[in-house]
Amino acid sequence: MRNSKLIVAIAMAVCMALGCVTTAQAGKNADMRVNYVLQNLGVKRDVQANLKPLLVSYLADKKAANKTYDDMKTKLKPSIKSGTITEKQAQALLTAKWAAAEKELAVKRQYETKFKTVLSAKKTYLCFSLLNDKSSKILGQDGEKDSEEQ
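Source: prediction; values computed, not measured.

1. Comments concerning the overall build of the chain
Scanning the chain from N- to C-terminus turns up six helices and zero strands. Starting at the N terminus and walking to the C terminus, you meet the elements of the chain as α-α-α-α-α-α. Pairs at least 24 residues apart make up 67% of the contacts formed inside the chain by residues separated by at least 6 positions. A total of about 10200 Å² of accessible surface is found on the chain, and carbon and sulfur atoms cover 58% of it.

Below, the structure written as structure tokens:
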């Protein structure tokens, strides 16, 4: 299992170095995260087969819950970086952030129930923990900054 993690990490590092990982391939990042969780959760293949579609849909639903906030933040990124964001824009970002957080919490609670149909409570907790690991940890690049800001 350790060798397969190393191979995946090396392959992803080579891909990133060659510039073949783009935002258009965001689905591949979700696939990478799903595979990481399945490899590190320590469950049998039949459980993995039942869990995989749940993980894929969880990540898609979580992304959808944050979409409005993420889009707004991306649009305002130059203003945020330069410090020229207006009070109105800042308030809109805060409102969108709290709304996204509420939606994301609802998604997490919904999927806790779904994950428990396949996993024990202990494994469900571990599953959420693994899902929240930084991309750098998933790629085996512990010292590098994570590309996903939270």
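2. Notes on the side chain of Glu 104
Tracing the backbone shows Glu 104 in helix H4 (residues 87-115). Leave out the neighbours within four places in its chain, and Glu 104 touches Lys 62, Ala 65 and Asn 66.

3. Let's talk about the packing of aromatic side chains
Applying the stated criterion across every chain, the model contains five aromatic pairs. Each member of the aromatic cluster is reached from another via a ring pair, and the members are Tyr 58, Tyr 111, Phe 115 and Phe 128. A cation over a ring is seen here: Lys 114 above Tyr 111, with NZ or CZ 4.5 Å from the ring centre.

4. A few points about H4
The terminal C-alpha atoms of H4 lie 41 Å apart, and with 29 residues this matches the ideal 42 Å at 1.5 Å per residue to within 8%. Those residues of H4 not exposed but buried are Leu 93, Ala 96, Ala 100, Glu 104, Val 107, Tyr 111 and Phe 115. Residues of H4 that are buried in the fold lie against helix H3 (45-82) and helix H5 (121-131).

5. Topic: the packing of H4 against H5
Packing of H4 against H5 leaves a shortest axis separation of 10 Å and a crossing angle of 130°. Classed by the angle they form, the pair H4 and H5 counts as oblique. At the point where H4 passes H5, the crossing takes the right-handed sense. Here Lys 108, Tyr 111, Glu 112 and Phe 115 of H4 lie close against H5, whose contacting residues are Thr 124, Cys 127, Phe 128 and Leu 131. Among the residues forming the contact of H4 with H5, the class breakdown is five nonpolar, one polar and two charged.

6. Description of the nonpolar core
Counting 24 residues, the largest nonpolar core has Leu 51, Leu 55, Tyr 58, Phe 115, Leu 119, Cys 127 and Leu 131 as the members making the most contacts within it. Looking at this core, the elements that each hand over two or more residues are helix H2 (26-41), H3, H4 and H5. Examining the composition of this core, we find that seven residues originate from one element, H3, more than from any other. Excluding anything up to four places from it in sequence, Leu 55 contacts Val 34, Val 37, Leu 38, Phe 115, Cys 127 and Leu 131. In terms of nonpolar packing, the next biggest core, distinct from the first, is built from five residues, Tyr 69, Leu 76, Leu 93 and Ala 96 among them.

7. Regarding the pattern of salt bridges
The tally for this structure, following the rule as stated, stands at five salt bridges. Close ionic contact of Glu 104 with Lys 62 constitutes a salt bridge, the shortest N to O distance being 3.9 Å. Of this pair, Glu 104 sits in helix H4 while Lys 62 sits in helix H3, and the two are 42 residues apart along the sequence. Judged by its relative accessible area of 16%, Glu 104 falls in the buried class. With its nearest N and O atoms 2.9 Å apart, the salt bridge here joins Glu 112 to Lys 116. We classify Glu 112 as partly exposed; its relative accessible area is 31%. Of the residues examined, Lys 116 reaches a relative accessible area of 41% and is grouped as partly exposed. Within the structure, one salt-bridge network assembled from shared partners comprises Lys 62, Glu 104 and Lys 108.

Reading the values: the criteria
Residues numbered from 1 in each chain as written. Predicted model: local features only at pLDDT ≥ 70, side-chain atom pairs only at ≥ 80, totals over all residues. Heavy atoms only, no water. Helix = DSSP H or I, 4+ residues; strand = E, 2+ residues; numbered from the N terminus. Contact = heavy atoms within 4.5 Å. Areas by Shrake-Rupley, 256 points an atom, 1.4 Å probe, with all protein chains shown as cover. Phe/Tyr/Trp six-rings, centres within 6.5 Å; stacked < 30°, edge-to-face > 60°. Lys NZ or Arg CZ within 6 Å of the ring centre and 35° of its normal. Expected span 1.5 Å × (residues − 1). Buried < 20%, exposed > 50% of the residue type's maximum accessible area, 1.4 Å probe, protein only. Axes fitted to C-alpha atoms, helices over the stretch in contact; angles between N-to-C directions. Parallel < 35°, antiparallel > 145°, perpendicular 65-115°, else oblique. Left-handed = near helix turned anticlockwise from the far one by under 90°. Nonpolar A, V, L, I, M, F, W, Y, C, P; charged D, E, K, R; others polar. Core = buried A, V, L, I, M, F, W, Y, C linked by side-chain atoms within 4.5 Å. Salt bridge = Lys/Arg side-chain N within 4 Å of Asp/Glu carboxyl O.

Purely geometric numbers; function is a separate question.
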